[in-house]
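Chain by chain, the residues run as shown.
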Amino acid sequence: MRYLRSNSLAIVLVVFFLVSVGGQSYSGWRSYDQEQRAQHQPTVSSPRYLVSSDFYDNVMSNWQSEFLQISLYVMFAVWFRQLGSAESQDPDHPVRDSDEDEMLGAHLKPNSPKWARLGGWRLRIYENSLLISMGILFFLSWFAMAVAQHNVYDANLASQHQAPVSLLDFLGTSYFWNETFQNWQSEFLAVGVFAVATIYLRQRGSTESKPVGAPHDATGS
């Protein structure tokens, strides 16, 4: 029970993720088959749909925008400030924290991460590892989305008796950028609204909120 309580946030999110992926795969498969029947095309089985470009297009389109949101927010939170937001450093806070704040050098703990204790190039990588890893996940999922969308795009061209295009040419099409920007703009809007909303609104007990009685101009949680 202690393990479940200590890891309940991750466990709940994994469960919701798996349920959502399962729901998406089933509803996406039914929707795909309906479109196929409407166009007098053969339907596919559920396992076949799970390895189709249509399914991976839908999944990766959302994943890449989410990883972009996290990557940019991690980076922007270092340099930019929003007075009163629980999601921002105080405007007077320096861009680079001291070794004491970061628990480095003489302030290391016996159980500090190994790469934080080793210093040198390994410390440089580790102190930016969150942004690096989120950035890599973004580019991988964006590339996977591009490949899946290219396959779908070429299949549509073939059904219209048109010549296929290369992946490089596809990356320059308005179709690809329309699909990309409609995901990105929603992420920027959601993050921006949330950052500003935390100036004035509260949620008792949440680490994403300031204390209920904190003044509106108090910055950071």
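All residue numbers refer to positions counted from 1 along the written sequence of the respective chain. Local features in a predicted model are, by the rule used here, given only for residues with pLDDT of at least 70; side-chain atom pairs are given and counted only at 80 or more, and totals for whole chains, interfaces and linings are based on all residues. The side-chain quantities take in all heavy atoms of the structure and omit both hydrogens and water.

### Here we look at a negative patch on the surface
For clarity, the threshold we go by: Patch rule: a residue counts if its relative accessible area is over 30% and it has no salt bridge; like charges are joined within 9 Å, and nonpolar side chains (Val, Leu, Ile, Met, Phe, Trp, Tyr) within 5 Å. What sets the accessible areas is the Shrake-Rupley method with a 1.4 Å probe; for residues, cover comes only from the shown protein chains. A pair is scored as a salt bridge if a Lys or Arg side-chain nitrogen falls within 4 Å of a carboxyl oxygen belonging to Asp or Glu. Note that His is not counted, nor are the chain ends; the positive residues are Lys and Arg, and the negative ones are Asp and Glu. We put the charge of a Lys on NZ, of an Arg on CZ, of an Asp on CG and of a Glu on CD. Helix numbers and strand numbers start at the N terminus; a helix is a DSSP run of H or I with at least 4 residues, a strand a run of E with at least 2.
Taken together, the side chains of D99, E100, D101 and E102 define an acidic patch exposed on the protein surface. Within the element layout of this structure, E100 appears in helix α5 (residues 99-102).

### Structural notes on unusual backbone geometry
For clarity, the threshold we go by: For the exposure calls, accessible area comes from a 1.4 Å probe over protein chains only, and a residue counts as buried if that area is under 20% of its type's maximum, exposed if over 50%, partly exposed in between.
Even without a glycine there, the phi angle at M103 is positive, about 55 degrees. Position of M103 among the secondary structure elements: in the loop between α5 and α6 (114-118). On the accessibility criterion, M103 (45% relative accessible area) is partly exposed. Of note in the backbone geometry, H161 takes a positive phi value of approximately 60 degrees without being a glycine. On the secondary structure map, H161 appears in the loop between α8 (129-159) and α9 (167-170). Classification of H161 as exposed rests on a relative accessible area of 76%.

### With respect to the packing of aromatic side chains
Put simply, the rule is: Any two of the Phe, Tyr and Trp rings considered here, Trp counted by its six-membered ring, make a pair once their centres fall within 6.5 Å; the pair's planes then place it as stacked at under 30 degrees, edge-to-face at over 60, or tilted in between.
On inspection of all chains with the given rule, the structure shows 20 aromatic pairs. A centroid spacing of 5.9 Å and a plane angle of 75 degrees characterise the contact between W142 and W177, whose relative ring orientation is edge-to-face. One end of the pair, W142, is in helix α8; the other, W177, is in helix α10 (residues 174-200), and 35 residues separate them in sequence. With a relative accessible area of 17%, W142 lands in the buried category. Taken together, a centroid distance of 5.6 Å and an interplanar angle of 90 degrees make the contact between F181 and W184 edge-to-face. In this pair, F181 and W184 are both assigned in helix α10, three residues apart and thus about one turn of the helix distant. Of the aromatic side chains, those joined through ring pairs into one cluster are F138, F139, W142, Y153, F170, Y175, F176, W177, F181 and W184.

### Points about the nonpolar core
Defined as follows: Here, the term nonpolar core denotes a set of buried Ala, Val, Leu, Ile, Met, Phe, Trp, Tyr and Cys residues that are joined through side-chain atoms within 4.5 Å. Two residues qualify as a contact provided that any one of their heavy atoms is within 4.5 Å of a heavy atom in the partner residue.
Core analysis: the largest hydrophobic core is formed by ten residues, namely M60, L68, L72, F138, W142, M145, A146, F170, F176 and W184. Within the residue set of this core, elements represented by two or more residues are α4 (53-79), α8 and α10. Of all the elements, α8 adds the most residues to this core, at four residues. Beyond its immediate sequence surroundings of up to four residues, F170 is in contact with A146, Q149, H150, Y153, V165, Y175 and F176.

### Regarding the confidence of the model for the chain
We count it as follows: As a per-residue measure, pLDDT reflects the predictor's confidence and takes values from 0 up to 100.
The share of residues in the chain with pLDDT of 70 or more is 100%, and the mean pLDDT across the chain is 91. Averaged pLDDT values over the elements of the chain bottom out at 86 in α5 and peak at 95 in α9.

### Topic: the packing of α8 against α10
The cut-off we apply is this: Think of each axis as a best-fit line through the C-alpha atoms, taken over the contacting stretch in the case of a helix, with angles from 0 to 180 degrees between the N-to-C directions. When an angle is under 35 degrees it counts as roughly parallel; over 145 it counts as roughly antiparallel; between 65 and 115 it counts as roughly perpendicular; any other value is oblique. Crossing handedness is read from the near helix: turned anticlockwise from the far helix by less than a right angle, it gives a left-handed crossing, and turned clockwise, a right-handed one.
The interhelical angle for the contact between α8 and α10, taken along N-to-C directions, is 135 degrees, at an axis separation of 11 Å. Considering the angle they form, α8 stands oblique to α10. Handedness of the crossing formed by α8 with α10: right-handed. Packed against α8, whose contacting residues are F138, W142, M145, A146, Q149 and Y153, the element α10 presents Y175, F176, W177, E179, T180 and W184 at the interface.

### Let's talk about a nonpolar patch on the surface
Side chains of M1, Y3, L4, I11, V12, V15, F16 and V19 sit close together on the surface and give an oily, nonpolar patch of about 890 Å² of accessible area. Of all the secondary-structure elements, those providing two or more residues to the nonpolar patch are α1 (2-6) and α2 (8-38). Looking at the nonpolar patch, the element that brings in the most residues is α2, giving five residues.

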